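Per-entry structural report
Here is how the chains run, residue by residue.
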Amino acid sequence: MPSDIRVRIAPSPTGPLHIGTARTALFNYLFARHVGGTFLLRLEDTDVARSTTAFEKDILDGLHWLGITWDEGPGVAGVEEAGPYAPYRQMQRLDTYAEAAARLLLADRAYPCYCTPEELDADRRAQEAAKEAPRYVGRCAALTPAQRAAREAQGRRSVTRFRVRPGVVGWNDLVRDRVEIDTSNLGGDFVIVRADGTPLYHFTVVVDDAAMAISHVIRGEDHVSNTPKHILLFEALGYAVPVFGHLPLILNPDGTKMSKRKSQTAVADYIAQGFVREALVNYFAFLGWSPGTEEEVFSLAELEQRFELEKVQKGGARFDRERLEWLNGQWIRRLDDDDLIGRLLPFLEAAHVAGQIDRLPPEGELRALLPIVRERLPTLATIVDLVGYLWVDELDVDPALLRPRRWDAATTLAGLAAAREAIAAHDAVTWEADELEPPLRALAEARGWRAGDLFMAIRVATTGRTATPPLFDTLVALGRERTLARLDAAIVRQGAVVRG
RNA sequence: GCCCCCAUCGUCUAGAGGCCUAGGACGCCACCCUUUCAAGGUGGAGAUCACCGGUUCGAAUCCGGUUGGGGGUACCA
């Protein structure tokens, strides 16, 4: 059912895709999909000094990776740019802003301001000293044409300032109901065009949202105090004012606004650590929203179906990595074999390149491992820690770990030797987990050892670790040859320990 | 400082006047399962619903104030 509801995400390519941006994009996307509206992406690249195409790529790639798709904007379905309101990059829309600014100037809703940064700075300091709120003093607000001409003649450059009218601006916010702000708190007439002619955020966002027929502006709570400025601009330009909805912020664990300093904010970093898109999307959705039921695990498709702006929380939500990891485990367990293999491979390749493993397992070998690793992966990257020892040539075993707590050095040596013999008795045909186990249990019983101690000695000797997937499955994965070779190496080492 | 917003277990939240002796999930603890680690199961600790005052027969839910926290206050977005 088509709808004329149009929403957007408007990232600025001045940094890598931030978790907050991803979450805002997700909420806009879910809202649009839920109501059958249109979701578009617009690049706000007017901060030329800080914008880069590398960041732009990171943002688009990251959103795509999450499974968030947009109907209009750069990178739709592999196309450079698509949609009836193109271009969707602000630096390519400069004429639109210039036209709008000229209109405001002509109507005297805006005026050229010749104040220098030094003058402005002095104003600010004076206000601070007088304990007044910082605001533009209006030095250039009432310049006569002659005065302006004089300044131009001096070669002074001007910015364009928007006249803020006195009064109260209010709106019915989708998540926090009625909000009203007196324009006297806006800091005076604000700049909409820089001295170099490039437009500023407050201006471009309004011009573009109007030009692109955005019906609902859904953004972070940090924009609440900007909204009056935007409404004033919509009105001055003669545009319909869209509906606003301000989402609660994602907070650092200490409750402050999420920052790079205190949290990991780049989506790319989460990807690199082995979080799966399903978990990230699921987690982001539940930061500030809940279905009102006790269900916790939702796919993107389910979210599209269930998401309602009405159920969005008002207060900010702290980022809880433990909970994200739990959800990640939930989703990893739900992936089918082919899918999981495809996602694991890049992490093994990276470990191979980094020299953490000496060999890359063929797909079949990895597939056979899935039943014993799937439940043990909080993130994809942990595959290397979990079973990386299967693919290293030289196993590094900590001698202190080789001896089980309850055993002495001699018992350890005897145990390993006896285990080696029992294991060597198997041929390729009986190299199976349930064939390997009974003889070793019998051996432990015959010698009066605890099976767990024997198994631990074998585990450490063959994997170098005290925590692994089930031992016999691990040995099967390791292979007869490597298992025996590692036991031999351990026996030699332990023999040296016993002899002192 | 000024403006705005918010306020239920440590964390994410359910709750839209009686169903709440406040439910779920993460985390934590214990037990079960068990060769280790996980996963899973069972149970437990954990919230005087920030505080005070109203409204009401009745308030976590409505109103006011206080306190606390957060956001904003650019020729950044």
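Residues numbered from 1 in each chain as written. Chains lettered and ligands numbered in written order. Predicted model: local features only at pLDDT ≥ 70, side-chain atom pairs only at ≥ 80, totals over all residues. Heavy atoms only, no water.

A separate point is the nonpolar core. Counting residues in each nonpolar core, the largest one holds 108 residues, and the members touching the most others are L26, F319, L440 and L454. If one sorts the elements of this core by residue count, helix α1 (residues 19–35) sits on top with nine residues. Sequence-distant contacts of L26, that is, excluding residues within four places in its chain, are made with I68, V281, F284, A285 and L300. (Core = buried A, V, L, I, M, F, W, Y, C linked by side-chain atoms within 4.5 Å. Buried < 20%, exposed > 50% of the residue type's maximum accessible area, 1.4 Å probe, protein only. Helix = DSSP H or I, 4+ residues; strand = E, 2+ residues; numbered from the N terminus. Contact = heavy atoms within 4.5 Å.)

It is the contact of helix α3 (residues 94–106) with helix α6 (residues 201–211), at a shortest axis distance of 10 Å, that shows an interaxial angle of 105°. Put simply, α3 runs roughly perpendicular to α6. Here T96, Y97, A100, A101 and L104 of α3 come into contact with α6, specifically with F203, T204, V207 and D208. Its residues assigned to classes, the contact of α3 with α6 shows six nonpolar, two polar and one charged. (Axes fitted to C-alpha atoms, helices over the stretch in contact; angles between N-to-C directions. Parallel < 35°, antiparallel > 145°, perpendicular 65-115°, else oblique. Nonpolar A, V, L, I, M, F, W, Y, C, P; charged D, E, K, R; others polar.)

So, about the protein's contact with RNA strand B. Around RNA strand B, a shell composed of 65 residues is seen, among which D47, E375, R376, R441 and R459 lie nearest. If you look at RNA strand B and keep only atoms within 4 Å of the protein, 73% of those are sugar or phosphate atoms. Contact between RNA strand B and E44: a sugar or linking oxygen at 3.3 Å from a side-chain N or O atom of the residue. Within the side chain of R441, a nitrogen or oxygen atom sits 2.3 Å from a phosphate oxygen of RNA strand B. (Near = heavy atom within 4 Å. Polar contact = N/O pair within 3.5 Å; in protein donor to acceptor, adjacent residues only side chain to side chain.)

To continue, consider the pattern of salt bridges. Where charged atoms from two side chains of opposite charge approach closely, those side chains can pair. Within this structure, the stated rule accounts for 35 salt bridges. As a salt-bridge pair, E180 and R178 come within 3.2 Å of each other at their nearest N and O atoms. The exposed category is assigned to E180, whose relative accessible area is 53%. Across the pair R323 and E296 runs a salt bridge, and its minimum N-O distance is 2.8 Å. Taken together, the positions of R323 in helix α11 (residues 321–334) and E296 in the loop between α9 (277–285) and α10 (300–306) put the pair 27 residues apart, joining distant regions of the chain. R323 gets classed as partly exposed once you look at its relative accessible area, which sits at 37%. Salt bridges sharing common partners tie together R8, R42, E44, R93, D208 and D209. (Salt bridge = Lys/Arg side-chain N within 4 Å of Asp/Glu carboxyl O.)

Structurally, chain A comprises domain 1 (6–90 + 251–318), domain 2 (93–247), domain 3 (335–391) and domain 4 (399–499). When each unit is reduced to the centre of its C-alpha atoms, the spacing between domain 1 and domain 4 is 50 Å. (Domains from an automatic or database assignment.)

Among the structural elements, V175 can be located in the loop between β7 (168–173) and β8 (177–182). Overall, V175 belongs to the buried group, its relative accessible area being 6%.

Okay, the packing of helix α16 (residues 409–424) against helix α17 (residues 433–447) next. Packing of α16 against α17 leaves a shortest axis separation of 10 Å and a crossing angle of 145°. Crossing of α16 over α17 shows right-handed handedness. Across the interface between the two elements, A414, A418, A419, A422 and I423 of α16 pack against L436, L440, L443 and R447 of α17. Its residues assigned to classes, the contact of α16 with α17 comprises eight nonpolar, no polar and one charged. (Left-handed = near helix turned anticlockwise from the far one by under 90°.)

For chain A, per-residue confidence averages 95 on the pLDDT scale, and 100% of positions sit at 70 or higher. For this predicted complex, the interface confidence score (ipTM) comes to 0.95, while the overall pTM stands at 0.95. (pLDDT = per-residue confidence, 0-100.)

This part takes up the pairing of strand β6 (residues 159–162). Here β6 shows a buried face lined by V159 and R161 and a second buried face lined by T160 and F162. Sheet analysis places strand β5 (residues 110–113) next to β6, joined by four bridges and oriented antiparallel. Bridge pairing in β6 places C113 opposite V159. Across three bridges, the pairing between β6 and strand β9 (residues 190–193) is antiparallel. Bridge pairing in β9 places F162 opposite F190. (Pairing = 2+ DSSP bridges.)

The strands that make up a sheet pair up through hydrogen bonds in the backbone, lying either parallel or antiparallel. The three strands lie next to each other as β5-β6-β9, forming an open sheet whose pairing is antiparallel. Edge positions in the sheet fall to β5 and β9, since each of these pairs with one other strand and no more. Geometrically, the sheet is characterised by an average inter-axis angle of 45° between neighbouring strands, direction not taken into account.

Time to look at the pairing of strand β3 (residues 73–76). The pairing of β3 with strand β4 (residues 79–82) spans three bridges and is antiparallel. Each residue of the ladder has a partner; that of V76, found in β4, is V79. Between β3 and β4, which pair antiparallel one after the other, the connecting turn spans two residues, and A77 there sits at a positive phi close to 50°.

Another point: the packing of aromatic side chains. The tally for this structure, following the rule as stated, stands at 13 aromatic pairs. Ring geometry for F286 versus F298: centroids 5.6 Å apart, planes at 40°, classification tilted. With F286 in the loop between α9 and α10 and F298 in the loop between α9 and α10, the pair connects residues that are 12 residues apart, well separated along the chain. Each member of the pair, F286 as well as F298, is classed as buried. Against the face of F27 rests R23, its NZ or CZ located 4.8 Å from the ring centre. (Phe/Tyr/Trp six-rings, centres within 6.5 Å; stacked < 30°, edge-to-face > 60°. Lys NZ or Arg CZ within 6 Å of the ring centre and 35° of its normal.)

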